[in-house]
Amino acid sequence: VYDVTASGVNFADTHQTEDSYLAPQRLPLVPGAEFAGTGPDGRRVVGLCGAGGYAERVAAADVLVWPIPDGVSDGAALAMVLQGVTAWHLLRTSAHLAAGESVVVHAAAGGVGTVAVQLARAFGAGRIIATASSAEKRELALSLGADVAVDPAADDLTAALREANGGSRLDVVLEMTGGPVFDASL
């Protein structure tokens, strides 16, 4: 059992509280898939709990709890344990991004997207194209390492993405918004 000092807040949590998530929710419902806190020995930890991270105390399996290194904030640890690992797996395990390849990161100003842009840069992507819904969000993606940022509401998103990649097809697309953006990404 861990004392919670901070909880990750994700879009999925809002869907759970609205009962509009992938599976029906049951009461009592305590959202929160990840937490930062202290263990019985007083060490700072970050962990995955599936549900209940918004509580004051949470139970979590030892294999899903890791120490937070000195100098790392609870917020940074929370960002890495779910969004960071997701971005890493998308780029490395699913897409097998190789150095020099082009990558589109849709929703590049979101939790997974911001980490994916930075990881793609660290992994040596040749061209990183970000999409985000506002000028402010596109500027954020550029500041994190994207080479170019595109408005996903462009009249012809497919053409805008190819133009952003010098007219060439793209090697990797991380698509997490669905609908017309998904279709344009194919």
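All of the points below concern the structure found in this document. (Residues numbered from 1 in each chain as written. Predicted model: local features only at pLDDT ≥ 70, side-chain atom pairs only at ≥ 80, totals over all residues. Heavy atoms only, no water.)

A few points about the overall build of the chain
Now for step 1: Check the secondary structure of the chain and you find 6 helices and 9 strands.
Now for step 2: Each principal axis of the C-alpha distribution contributes one length, and for the chain these read about 55 × 35 × 30 Å.
Now for step 3: Evaluated residue by residue, the chain yields a buried proportion of 36% over its 186 residues.
Now for step 4: Put simply, 57% of the contacts in the chain that link residues at least 6 apart link residues at least 24 apart. (Helix = DSSP H or I, 4+ residues; strand = E, 2+ residues; numbered from the N terminus. Buried < 20%, exposed > 50% of the residue type's maximum accessible area, 1.4 Å probe, protein only. Contact = heavy atoms within 4.5 Å.)

Structural notes on the packing of helix α2 (residues 74-94) against helix α3 (residues 111-122)
Now for step 1: Their axes nearest at 8 Å, the elements α2 and α3 cross at an angle of 50°. Considering their axes alone, α2 and α3 lie oblique with respect to each other. The handedness of the crossing between α2 and α3 is right-handed. Of the residues in α3, those in contact with Met-80, Gln-83, Gly-84, Thr-86, Ala-87, Trp-88, Leu-90 and Leu-91 of α2 are Gly-111, Val-112, Val-115, Ala-116, Leu-119 and Ala-120.
Now for step 2: For the contact of α2 with α3, a count of residues per class yields 10 nonpolar, 4 polar and no charged. (Axes fitted to C-alpha atoms, helices over the stretch in contact; angles between N-to-C directions. Parallel < 35°, antiparallel > 145°, perpendicular 65-115°, else oblique. Left-handed = near helix turned anticlockwise from the far one by under 90°. Nonpolar A, V, L, I, M, F, W, Y, C, P; charged D, E, K, R; others polar.)

Side note on the environment of Ala-146
Now for step 1: Position of Ala-146 relative to the elements: it lies in the loop between α4 (135-143) and β8 (148-150).
Now for step 2: Accessibility expressed as a relative area gives 8% for Ala-146, which makes it buried.
Now for step 3: Residues Ala-146 and Ala-120, spaced 26 residues apart in sequence, show a C-alpha to C-alpha distance of 8.8 Å.
Now for step 4: For Ala-146, the residues in contact, after removing those within four places along its chain, are Val-117, Arg-121, Ile-128, Ala-130 and Ala-141.

Considerations on α2
Now for step 1: The end-to-end C-alpha separation of α2 is 28 Å, in line with the 30 Å expected for 21 residues at 1.5 Å each.
Now for step 2: At Met-80, α2 shows its maximal kink, close to 40°.
Now for step 3: Along α2, the positions that sit buried rather than exposed are Asp-74, Ala-77, Leu-78, Val-81, Gln-83, Gly-84, Ala-87 and Leu-91.
Now for step 4: Note on α2: the residue one or two positions beyond its end, His-96, has a positive phi of about 55°. (Expected span 1.5 Å × (residues − 1). Bend = angle between axes of the 7 residues up to and from the residue.)

Brief notes about the pairing of strand β2 (residues 34-38)
Now for step 1: Most of β2 sits inside the fold, with 4 of its 5 residues counted as buried.
Now for step 2: Taken together, the 4 bridges between strand β1 (residues 2-7) and β2 define a ladder with antiparallel strand orientation. Residue pairing across strands places Asp-3 opposite Thr-38, the latter belonging to β2.
Now for step 3: Connecting β2 to the next strand, strand β3 (residues 44-48), in antiparallel fashion are 5 residues, including Gly-42 with a positive phi near 90°. (Pairing = 2+ DSSP bridges.)

So, the sheet that holds strand β9 (residues 172-174)
Now for step 1: The strand order across the open sheet formed by 4 strands is β8-β7-β6-β9, and the pairing between neighbours is parallel. Only two strands of the sheet have a single neighbouring strand rather than two, namely β8 and β9. The mean inter-strand angle of the sheet, taken between neighbouring strand axes irrespective of direction, is 20°.
Now for step 2: Of the strands in this sheet, β6 (102-105), β7 (127-131) and β9 are in contact with α3, which crosses β6 at around 170°.

Some remarks on the sheet that holds β3
Now for step 1: Spatial ordering of the open sheet is given by β4-β1-β2-β3-β5, a layout of 5 strands whose pairing is antiparallel. Edge positions in the open sheet fall to β4 (57-58) and β5 (65-67), since each of these has one partner strand only.
Now for step 2: In this structure, β2 lies alongside β3, joined through 5 bridges in antiparallel fashion. Its bridge partner lying in β3, Phe-35 is registered against Gly-47.
Now for step 3: Along the sheet, α2 contacts β1, β2, β3 and β5; its crossing angle with β2, the most-contacted strand, is approximately 140°.

Observations concerning the nonpolar core
Now for step 1: Ranked by internal contacts, the top residues of the largest apolar core, which has 20 residues, are Leu-91, Leu-97, Val-103, Val-105, Ala-120, Ile-128 and Leu-174.
Now for step 2: Sorting the residues of this core by element identifies α2, β6, α3, β7 and β9 as the ones contributing at least two each.
Now for step 3: If you tally residues by element for this core, the top one is α3, at 6 residues.
Now for step 4: If we ignore the near neighbours within four places in the chain, the residues touching Leu-174 are Leu-90, Leu-91, Val-103, Val-104, Val-105, His-106 and Ala-116. (Core = buried A, V, L, I, M, F, W, Y, C linked by side-chain atoms within 4.5 Å.)

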